[in-house]
Amino acid sequence: MSAILETRGLTRTFGAVVAAMNLNVRIDQGEIVGVIGSNGAGKTTFINMVTGYLPPSSGEILFDGHSVLGRQPRAITRLGMVRSFQVAQLFPKLTVLENALVSLVAAEGPRPSFLCPLDTPQRRAKADAIFAEFGVSRYRDVLVSAVPQGARKLVDIAMALVSQPRMLLLDEPTSGVSIEEKFALMDTVMAVVRRHGVTILFVEHDMEIVARYVTRLMAFYSGEIIADGPPKSVLGDARVQELVIGHHLDINALGVAA
Amino acid sequence: MSFPKHLASSTGSAVAIAALVFAAGTWVLPPWLAFLLTLAFAKGLVVLGVVIQMRAGLVSFGQALFYCIGGYIVGLASQSLGISDAFALLALATGAGILMALACGWLLTRYREIFFAMLTLALSMILYGALVKSSALGSTDGFNVAAPSFLGWTPQGDAQKQALYLLSVAVAAAVAIGIHRFMVSSLGRVIEAVRENELRVEYLGLSPRAVLFSNYVVAAGISALGGGLTALASGHIDPDMAVWTTSGEFVFIAILGGTGHVFAPFIGAIVFSVIRTFAIQEAPHFWQMTLGVVLLALILFLPKGLWSLIARDKPAEVAT
Amino acid sequence: MTTLIAILLDGAIYASWLFLVAAGLTIIYGVMRVLNMAHGSFYAIGAYAAAATVGWFFSGEHGNPYLSYLLLVGCALLAGVILGVVIEQGLLRFLMGRDEILMVIVTYALLLILEDATKLIWGVDPYFAYQPYRLLGISDIGDILRFANYDLALIAVAVFIGLAAWFVLNRTNKGRLLRAVIHDREIAIAMGVNVNAMFAATFVIGAVLGALAGALTAPAISVTPGIGVEVIVLAFAVVVVGGLGSIGGAAAGAVLVGLSRSFAVHIAPEIELFVIYGVMFLVLAFRPQGLFGQTLARRI
Ligand SMILES: Nc1ncnc2c1ncn2[C@@H]1O[C@H](COP(=O)(O)OP(=O)(O)O)[C@@H](O)[C@H]1O
Ligand SMILES: [Mg+2]
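What counts as what
The numbers attached to residues start from 1 for each chain and follow its sequence in the written order. Chains and ligands are labelled by the order in which they are written, letters from A for the one and numbers from 1 for the other. Residues qualify for local features only when their pLDDT is at least 70, as the model is predicted, and side-chain atom pairs are given and counted only at 80 or more; totals for whole chains, interfaces and linings, by contrast, use all residues. Side-chain numbers come from the whole structure's heavy atoms, not from hydrogens or water. When DSSP locates at least two bridges between a pair of strands, those strands are taken to pair. Numbering goes from the N terminus for both helices and strands, where a helix is a DSSP run of H or I of at least four residues and a strand is a run of E of at least two. Whenever a helix is involved, its axis is fitted only over the stretch in contact; in every case the axis is a line through C-alpha atoms, and angles between N-to-C directions fall within 0 to 180 degrees. Angle categories: roughly parallel below 35 degrees, roughly antiparallel above 145, roughly perpendicular from 65 to 115, and oblique for all the rest. Take the far helix as your reference; a near helix turned counterclockwise from it by less than a right angle gives a left-handed crossing, and one turned clockwise gives a right-handed crossing. What makes two residues a contact is simply this: any of their non-hydrogen atoms within 4.5 Å. Note on definitions. A residue lies near a molecule or strand when any single heavy atom of the residue is within 4 Å of it. Here a polar contact is recorded for every N or O atom pair within 3.5 Å, except that within protein the pair must consist of a potential hydrogen donor and a potential acceptor, and residues adjacent in sequence are included only if both atoms are side-chain atoms. Note on areas: these come from Shrake-Rupley sampling with a 1.4 Å probe, and a residue is covered only by the protein chains present in the view. Note that Gly is not counted as nonpolar here; it falls among the polar residues with everything else outside the nonpolar set of Ala, Val, Leu, Ile, Met, Phe, Trp, Tyr, Cys and Pro and the charged set of Asp, Glu, Lys and Arg. Every case where a carboxyl oxygen of Asp or Glu lies within 4 Å of a side-chain nitrogen of Lys or Arg is listed as a salt bridge. When a residue's accessible area, from a 1.4 Å probe over protein chains only, is under 20% of the maximum for its type it is buried; when over 50% it is exposed; and in between it is partly exposed.

1. Notes on the pairing of strand β2 (residues 17-28) of chain A
If a strand is regular, its side chains alternate between the two faces of the sheet.
Residues and elements named next belong to chain A.
Next, step 1: Note that strand β1 (residues 3-14) and β2 share eight bridges and pair antiparallel. Each residue of the ladder has a partner; that of A3, found in β2, is D28.
Next, step 2: Here β1 folds back onto β2, and the loop between the two strands holds two residues, one of which, G15, carries a positive phi near 60°.

2. A short note on the packing of helix α6 (residues 149-171) of chain C against helix α9 (residues 195-217) of chain C
All names here are of chain C.
Next, step 1: Running from amino to carboxyl end, α6 crosses α9 at an angle of 165°, the nearest separation of the two axes being 12 Å. By the criterion of interaxial angle, the relationship of α6 to α9 is roughly antiparallel. α6 and α9 meet at a crossing whose hand is right-handed. Contact residues: α6 offers Y150, L154, V157 and I161, while α9 offers L209, L212, A215 and L216.

3. A look at the site of ligand 1
Next, step 1: Around ligand 1 lies a shell formed by F14, V17, A19, S38, N39, G40, A41, G42, K43, T44 and T45 of chain A together with R299 of chain C.
Next, step 2: More than a single chain frames ligand 1: its nearby residues are located in chains A and C.
Next, step 3: Within the backbone of A41 of chain A, one N or O atom sits 3.2 Å away from an oxygen atom of ligand 1.
Next, step 4: Within the complex, the protein chains bury 74% of what would otherwise be the 550 Å² of accessible surface of ligand 1.
Next, step 5: Listing elements by their share of the shell around ligand 1, those giving two or more residues are β2 and α1 (43-50) of chain A.
Next, step 6: Considered class by class, the residues forming the shell around ligand 1 number four nonpolar, six polar and two charged.

4. Quick word on the interface of chain C and chain B
Next, step 1: Counting residues at the interface gives 39 residues for chain C, matched by 40 residues for chain B.
Next, step 2: In this assembly, chain C and chain B are joined by four residue pairs in polar contact (both at pLDDT 80 or more).
Next, step 3: The element that contributes the greatest number of residues to the side of chain C that touches chain B is helix α4 (residues 100-122) of chain C, accounting for 16 residues.

5. Focus on the pattern of salt bridges
Next, step 1: All told, the structure shown has 22 salt bridges over all chains when counted by the stated rule.
Next, step 2: Residue R216 of chain A pairs with E31 of chain A through a salt bridge whose shortest N-O separation is 2.9 Å. Linking R216 of chain A in strand β9 (residues 216-221) with E31 of chain A in the loop between β2 and β3 (32-36), this pair joins segments that are 185 residues apart in sequence. The burial state of R216 of chain A is the same as that of E31 of chain A; both residues are buried.
Next, step 3: Between R276 of chain B and E249 of chain B there is a salt bridge; the shortest N-O distance is 3.8 Å. One end of the pair, R276 of chain B, is in helix α12 (residues 263-282); the other, E249 of chain B, is in helix α11 (residues 244-257), and 27 residues separate them in sequence.

Pasting the structure below:
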């Protein structure tokens, strides 16, 4: 297995706050990596750095063996690493369909045409297929600002996947989503991701979800990774239970993935 | 702010019909009205430049920069280079506006909101200051622009006025169709996306700045074209074309018409010109005050402009 | 050497004037996030009110001529308070929290209304109120330099207002609250600061400062229609150079722009106008947020 994403000594400070401290992460093709950690542990900062939104204070980031340090998010997206956001980042005053059409045209190339219309039957068909896959077809012609939270998060993830990336980083995909909807949302996402063979890393607070889906778990605490490995061992780790989860966890009750 | 689908498909023919109706007016309209419409179409072009930037969420308080450049280029080319063909002059004006935009765009597209508004304003004021001080260009008085020829034909008297009127109708119609296509094109729709959320556009793999830059250049081109047309039609140019209150007038018309459709700026410009003609006759000291009051009323009660009175609503806002 | 002194003094005078003009604009923006285009009208109305009153004062025997300075300040206070209260209470408070750019358009509408109102009240003929300017006489500096004492006094006034603003913001409780609002409005609201009262007070103070700048300038110029429109663009340039919303920034911006202009006037007068905007574009090209402004990266 070759590493798709690798960081070496990745560090980022905000004034006196150390949001990332010497992170050495190596993620292989096809892994499903979960990230846990309390608020402010540095999870979002990690995603922001590897996708080019925040420059690290020091360290190196390799995607597919090539350094992406100093590249803009748009360049990294074009290399095949995309993300979703803790708060869905969509175009609120456009309809869900229009949101998808914009993503589709962006996936076609960096210079959208100023003559050919955006709205073509081909793109519409592609968008419809995506909506069907994500189960959001009924919101197709609704303004995003009027779409419920759960569906909005799905659209956010769908838009990231339109460009057929090789790696997907999800920042708290289920935050703001009701308990009942969480598993459905994750089932949908994981099904799509598996079908397209995308490597995935996602941040999650719900240990049940983590236990159900991931093949590997990383625990962030105060800018550092304090545990990394199979979910069973990470969740069973005493330091993780004390510092991240905050109480003793019965891992057997969670039904950790094999 | 995207426009209604049922209009999108029929816009081309609607523009053509409107253009034919206006063209037929050449032989019917009283001369003062034809002249008013000529200038209103020219102004509508400049306002269209403001409107397409509003679609990107940017308000230019300095569109008069390009309006003035277009006007002066036409004046200079006609006076110093001896070019008299209206089409060549307008092409030069448009080209000059685009060149200027290419030069300024790299700096301006770094800014948003009030910064963009005020920096565009400052740029136009620099031009204003330069023109006022250059005696070679007539300082504050400006200079007169000779009547143009049309592909070798040089009409006289009334025919000259009619030709200019027809030219303005034709140019406005052509630009309206072109800009309409631009507005529904991939890039044109991405512009709305940039207004809504630049971060997402960036993460989709596009450069918001590049998108805004293209839009800025297009806006500059049509505004300069409008300035050139104004110079031809009025036969005179002066530095007041660049002063920021002129830009303010364009913003006013843009808000009056709304950003819903390519027609809106032209409707706004016509309504504006008609009202101004009467207001200046009846109560010259209340003109700006009237503008101010109407502007406040529009913002408070009709935020989508006159066009929203005509257009139907957007798609359903609430899920069913 | 003489030229250098002339440049520095000219620069200081111009900078003081710029600071007076820009201070109100930046305070209102800092607290309310309203870039007030009508600030130029406040300036113009202050100038007209002062020029008309001072003109009346000197038209007959109305007491000690030095009282005219009190009149200048009194006119500015009256004009500023009336304008500030009417506009804030009558319009702006219904629009607070809307888009910054929308507020620019709203205040632009106000500017249009006030411009005509000014003409309706004071007509279109120029007003002169040079007596307070002459009264202070002229200083000879060295052999050839002559400066009007009124202009030099303007420097003192600007420094005084700058220090007063600094004192209020840093050494009084109300000022600290105001800084809290400038720094983070949401948190200030959460802490229970009465933001609406703060806005009202700020707008009135800003309007008074604008009117005061006009009133103090009136004796040095002929007061004609359109002076307000020129001023707003300059004030904006200064404020942007310093960093929108910061008083210290306005001072720094005024000094930088004032000195640059004065160098240009003495050395290459034809580029005077470009220098002002040139400084602005240079600063912005390297520090888009202005000298003292802070950028807040969007947290995602
Ligand atoms: N743009 C920023 N400016 C200042 N501090 C920041 C910024 N982004 C994050 N931080 C700080 O860095 C730390 C890590 O934040 P973050 O990565 O968002 O945590 P998480 O996503 O794990 O909740 C926190 O202390 C946060 O306050
Ligand atoms: Mg986070």
